[in-house]
Amino acid sequence: MSSDDISLLATKRVRGLTPYLSARRIGGQGHTFLNANEAPSASAFLMSSQKLNRYPDCQPAEVLEAYAAYAGVSPENVLVSRGSDEVIGLLIRTFCEPDEDSIIICPPTYGMYRVSADTNGARVLEIPPREDFSPDAAAIAKALAAPENRVKLVFLCSPNNPTGDTVKREDLLEILEAARGRAIVVADEAYIEFCPEDTFADLLPANPHLVITRTLSKAFGLAGIRCGFALGNPEVLKLLLKVIDPYPICDPVAQIAVQALSKNGIEIMKARVRELNARKESFIKEVSQLSRTEEVFGTKPNYVLFRFRDGEEVFREFARRGVILRDFNDKPRLRDCIRITIGSEQEMQEVLRILKELDK
Ligand SMILES: *Cc1c(COP(=O)(O)O)cnc(C)c1O
């Protein structure tokens, strides 16, 4: 059997897929990576190997309790997963009948919603955002009301990756009303630690069809351990637990998560957020003064999207110097736009130096 024949054994759906191009995979040659919204440095953790002979709990209680206390909900409202990306897949597999049901997304937004829908055979309904890139609540409500759309999930990203603004509360409320009894509304709060006052967690009790996704990958600086969360109604979480693998959270991950969510761990995270937010503010001030800078987008998370005159050239020139940013030039309404993660002081000084050089 040749390798061509082997690929013919795969399902039609899988043959039609293009692998997800994560920032890490696009990466490229470089020494400075500001393309994946990671924290600029790691903290130290302790690990015991005493119980590694045993299978872990599917949902380690200490992790659920620690995250619930941090998020201000009860442990029965928390599910822990291999990064919040896993929750996106679980939601689609739980709620969407393949080749029949659909999800709503508002591009430009996080790429995994579509990737996961394609992988699992859910249809994707794109509802373009308003002029200011906020989700068009009225258009979403209309799409939800049309039975032929068979919408089961609405994915909202708050703050939105890559445009950087949070969803307006009145828009979420309008969408929640339109979805009640019909569909699940997902608020992806991967970056909420950078603007904690904007969380929608307080809406959970009154809205059993709201799910909030969270992660330790960004502000907590733990992208390497793959640990995320769903906050939601216990009935919804019970359904997701039917679909999740038996032992998703390995014991070392649980140990690290508990330390990251301890009183001390949360203090360290908050100090990191204060530092990155302050650095972001001064970085934006400097970049705004350059003649190449045409537009600065939302500034809530630990990254900023800029529109530069001839952004493609800017991206290329950075890559040539070993500084890897994220190019959004080919995304809807984001011509010439580049997303820059707020990294260390040294990294941001390097970016500014190159930008000034290109500005001459
Ligand atoms: C990074 C990111 C995630 C993925 O987080 P993991 O927990 O690492 O899987 C989810 N949503 C958005 C919007 C992100 O930018």
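It should be noted that the structure appears before, not after, this text.
The notes below deal with the structure included here.

A closer look at the overall build of the chain
Logical step 1: Regarding its fold elements, the chain presents 13 helices and 13 strands.
Logical step 2: Computed over the C-alpha atoms, the radius of gyration of the chain is 21 Å, within 12% of the 21 Å expected from 2.2 N^0.38 for a compact globule of 360 residues.
Logical step 3: The dimensions of the chain, computed from C-alpha atoms along their principal axes, are 60 × 60 × 55 Å.
Logical step 4: Within the chain, the proportion of its 360 residues that are buried is 54%.

A closer look at the site of the ligand
Logical step 1: Of all residues adjacent to the ligand, which total 13 residues, the nearest are Ser 84, Tyr 191, Thr 215, Ser 217 and Lys 218.
Logical step 2: Within the side chain of Tyr 191, one N or O atom sits 2.6 Å away from an oxygen atom of the ligand.
Logical step 3: Between an oxygen atom of the ligand and a side-chain N or O atom of Lys 218, the distance comes to 3.1 Å.
Logical step 4: When isolated, the ligand has an accessible area of 390 Å², and the protein chains bury 94% of it.
Logical step 5: Looking at the shell around the ligand element by element, the count peaks at three residues for helix H5 (residues 83-95).
Logical step 6: When the residues that make up the shell around the ligand are grouped by side-chain class, the tally is four nonpolar, five polar and four charged.

Quick look at unusual backbone geometry
Logical step 1: Here the bond from Pro 107 into Pro 108 is cis, since omega is 5°, no more than 30 degrees from zero.
Logical step 2: Note that Pro 108 resides in the loop between strand E3 (102-105) and helix H6 (112-120).
Logical step 3: For the bond from Ser 158 to Pro 159, the omega torsion is 0°, close enough to zero to count as cis.
Logical step 4: Following the sequence through the fold, Pro 159 ends up in the loop between strand E5 (151-157) and helix H8 (169-179).
Logical step 5: We note that Arg 150 has phi near 50°; this positive angle belongs to a residue other than glycine.
Logical step 6: With respect to the element layout, Arg 150 can be found in the loop between helix H7 (137-145) and E5.
Logical step 7: Judged by relative accessible area, Arg 150 falls into the partly exposed class, the value being 39%.
Logical step 8: Positioned with a positive phi, Arg 226 is a non-glycine residue whose angle comes to about 55°.
Logical step 9: Among the secondary structure elements, Arg 226 is positioned in the loop between strand E7 (210-215) and strand E8 (228-231).

Considerations on the sheet that holds strand E10 (residues 303-308)
Sheet strands pair via backbone hydrogen bonds, and the direction of the pair is either parallel or antiparallel.
Logical step 1: If you trace the four strands from one edge of the open sheet to the other, you get E9-E10-E13-E12, paired in antiparallel fashion. Each edge of the open sheet is held by one strand with a lone partner, namely strand E9 (293-296) and strand E12 (326-327).
Logical step 2: Relative to E10, helix H11 (residues 263-288) is tilted by about 5°, and along the sheet it contacts E9, E10 and strand E13 (337-341).
Logical step 3: Across the face of the sheet, helix H12 (residues 311-320) comes into contact with E10, E12 and E13 while running at roughly 40° to E13.

Calculation criteria
- Residues numbered from 1 in each chain as written.
- Predicted model: local features only at pLDDT ≥ 70, side-chain atom pairs only at ≥ 80, totals over all residues.
- Heavy atoms only, no water.
- Helix = DSSP H or I, 4+ residues; strand = E, 2+ residues; numbered from the N terminus.
- Rg over C-alpha atoms; globule rule 2.2 N^0.38 Å.
- Buried < 20%, exposed > 50% of the residue type's maximum accessible area, 1.4 Å probe, protein only.
- Near = heavy atom within 4 Å.
- Polar contact = N/O pair within 3.5 Å; in protein donor to acceptor, adjacent residues only side chain to side chain.
- Areas by Shrake-Rupley, 256 points an atom, 1.4 Å probe, with all protein chains shown as cover.
- Nonpolar A, V, L, I, M, F, W, Y, C, P; charged D, E, K, R; others polar.
- Pairing = 2+ DSSP bridges.
- Contact = heavy atoms within 4.5 Å.
- Axes fitted to C-alpha atoms, helices over the stretch in contact; angles between N-to-C directions.

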